[in-house]
Amino acid sequence: MYWLAMLTMLIDHVGLVFFPTDPAWRIAGRLAFPIYAYALYMGYTRTRNMRSYMLRLLGLALISQVPYMLAFDVHRPNVIWTLLTSLLALAAASRMKHWVAVTGLYVLTALFMELSQMDYGAYGLLLVLIYRYTRSYMMIAAHFVLNVVYDMVHHANIQHFSLLSSILIVCFATGESGFYRRVPRWLWRSFYPAHLAVIALIRIWP
């Protein structure tokens, strides 16, 4: 699953920068983010040091920001900020006892992510929450509803292809302790900033 996430993310970003009129690249790329979102949830449930996990994501977000802006010619937070903010929300919610407070926290976090124009925005948080609070076919159904709403708001029917990742997760990955062990951790952690830096260099090279 992690190899699939990295490969489809690379395909997506190459297509976005170098082949923007060909939708096939973006369709393949829809599989990447749900796997990263699920990986974040898995990390949240299994990490022995939440502070270290958060700091690691913060470091990746900072390192990736300049390559992200250069690669895509944008001025908004990269997707690691989305994952980090979602992790902070999960950690804060775990300390709250009343569902009203938890719901309020998630709503405020979603609004913050939208206003700050984080990559994927509230969609990213909601997908993480789907993996946090649903199981099996309810996970697939919730992801489908999320995609329908996202399509209605952003007119992005391409996002429906991301549902395939949740189907794969339900069928092959849910509950597996070895979800990422076949990928070296150094590669998993460095791939996002590294591939963005390469794309940025190719894009801006005279």
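Residues numbered from 1 in each chain as written. Predicted model: local features only at pLDDT ≥ 70, side-chain atom pairs only at ≥ 80, totals over all residues. Heavy atoms only, no water.

Asks: Any chance you could explain the packing of aromatic side chains here in plain terms?
Replies: The description of an aromatic ring pair uses the distance of the two centres, along with the angle that the planes make with each other. A full pass over the atoms with the stated rule returns 10 aromatic pairs. Ring centres 5.4 Å apart and planes at 80° place the aromatic pair Y68 and F72 in the edge-to-face group. You can see Y68 and its partner F72 sitting in helix α4 (residues 50–72), 4 residues apart, about one turn around the helix. An identical accessibility class is assigned to Y68 and F72; each is buried. Put simply, the rings of F33, Y120, Y123 and Y150 touch in pairs and so form one group of aromatic residues. The residue whose ring lies beneath R132 is Y133, and the NZ or CZ to ring-centre distance is 4.5 Å. (Phe/Tyr/Trp six-rings, centres within 6.5 Å; stacked < 30°, edge-to-face > 60°. Helix = DSSP H or I, 4+ residues; strand = E, 2+ residues; numbered from the N terminus. Buried < 20%, exposed > 50% of the residue type's maximum accessible area, 1.4 Å probe, protein only. Lys NZ or Arg CZ within 6 Å of the ring centre and 35° of its normal.)

Asks: Honestly, a nonpolar patch on the surface in this entry has me stumped. Any pointers?
Replies: Among the surface-exposed residues, V66, L70, L201, I204 and W205 lie close enough to one another that they form a single nonpolar patch of about 530 Å² accessible area. Put simply, the parts of the chain that give the nonpolar patch at least two residues each are α4 and α10 (185–204). Counting through the fold element by element, V66 comes out in helix α4. (Patch = residues over 30% accessible without salt bridge, like charges linked within 9 Å, V, L, I, M, F, W, Y side chains within 5 Å. Areas by Shrake-Rupley, 256 points an atom, 1.4 Å probe, with all protein chains shown as cover. Salt bridge = Lys/Arg side-chain N within 4 Å of Asp/Glu carboxyl O.)

Asks: Looking at this model, I keep getting lost on the UniProt feature "transmembrane region" (unreviewed entry) in the chain. Mind explaining?
Replies: Here the UniProt feature "transmembrane region" (unreviewed entry) sits at residues 24–41, 53–72, 99–118, 130–149, 161–180 and 186–205. Segment residues 53–72 splits into 100% helix and 0% strand. End C-alpha atoms: 27 Å apart. Annotation note: span residues 99–118, helix share 85%, strand share 0%, distance between end C-alpha atoms 26 Å. (UniProt positions renumbered as here; feature names shortened; annotations may be inferred.)

Asks: What am I meant to see in helix α6 (residues 99–115) here?
Replies: Spacing of three or four residues puts side chains on the same side of an α-helix, whose turn is 3.6 residues. The end-to-end C-alpha distance of α6, which contains 17 residues, comes to 24 Å, matching closely the 24 Å that a straight helix rising 1.5 Å per residue would cover. All buried positions along α6 are accounted for by V102, L105, Y106, T109, A110 and M113. One side of α6 holds all its buried residues, which, seen down the axis, span an arc of 130°. Within α6, the exposed residues directed more than 90 degrees away from the buried face are L108 and L115. Against α5 (79–93) and α7 (121–133) lie the buried residues of α6. In the stretch just after α6, Q117 is the one whose phi turns positive, near 60°. (Expected span 1.5 Å × (residues − 1). Arc of directions from axis to C-beta. Contact = heavy atoms within 4.5 Å.)

Asks: Is there a simple way to explain helix α3 (residues 32–46) in this structure?
Replies: For α3, with 15 residues, the first-to-last C-alpha span of 21 Å sits near the 21 Å given by 1.5 Å per residue. Summarising burial for α3: 13 of the 15 residues are buried, a large majority.

Asks: Explain the nonpolar core to me, please; I cannot follow it from the model alone.
Replies: The nonpolar side chains of a soluble globular protein tend to be buried with one another. Counting residues in hydrophobic clusters, the biggest one holds 66 residues, and the most contacted among them are Y36, I80, L127, Y131 and W188. The element contributing the most residues to this core is α3, with 11 residues. With residues near it in sequence (within four places) discarded, I80 still touches L57, L60, A61, S64 and Y192. (Core = buried A, V, L, I, M, F, W, Y, C linked by side-chain atoms within 4.5 Å.)

Asks: Explain the environment of V170 here, please?
Replies: Its place among the elements puts V170 in helix α9 (residues 163–173). Linking V170 and I140, residues 30 residues apart in sequence, is a C-alpha distance of 7.8 Å. Ignoring any residue separated from it by four or fewer positions in sequence, one finds V170 in contact with S136, M139 and I140.

Asks: Looking at this model, I keep getting lost on the packing of α3 against α4. Mind explaining?
Replies: Two measures define how a pair of helices packs: the angle their axes make with one another and the distance between the axes. Between α3 and α4, the shortest axis-to-axis distance is 10 Å and the interhelical angle comes to 150°. In terms of axis orientation, α3 runs roughly antiparallel to α4. Taking contact as the criterion, the partners of A39, L40, G43 and Y44 in α3 are, on α4, M50, Y53 and L57. Along the lines of polarity and charge, the residues of the contact of α3 with α4 split into 6 nonpolar, 1 polar and no charged. (Axes fitted to C-alpha atoms, helices over the stretch in contact; angles between N-to-C directions. Parallel < 35°, antiparallel > 145°, perpendicular 65-115°, else oblique. Nonpolar A, V, L, I, M, F, W, Y, C, P; charged D, E, K, R; others polar.)

Asks: In this structure, what is going on with the packing of helix α1 (residues 2–18) against α10? I would like to understand it.
Replies: Running from amino to carboxyl end, α1 crosses α10 at an angle of 15°, the nearest separation of the two axes being 11 Å. In terms of orientation, α1 lies roughly parallel with respect to α10. The crossing of α1 and α10 is right-handed. Touching Y2, W3, A5, M6, M9, L10, H13, V14, V17 and F18 of α1 are L187, W188, F191, Y192, H195, L196, I199, I202 and R203, all from α10. Across the contact of α1 with α10, the residue classes break down as 16 nonpolar, 2 polar and 1 charged. (Left-handed = near helix turned anticlockwise from the far one by under 90°.)

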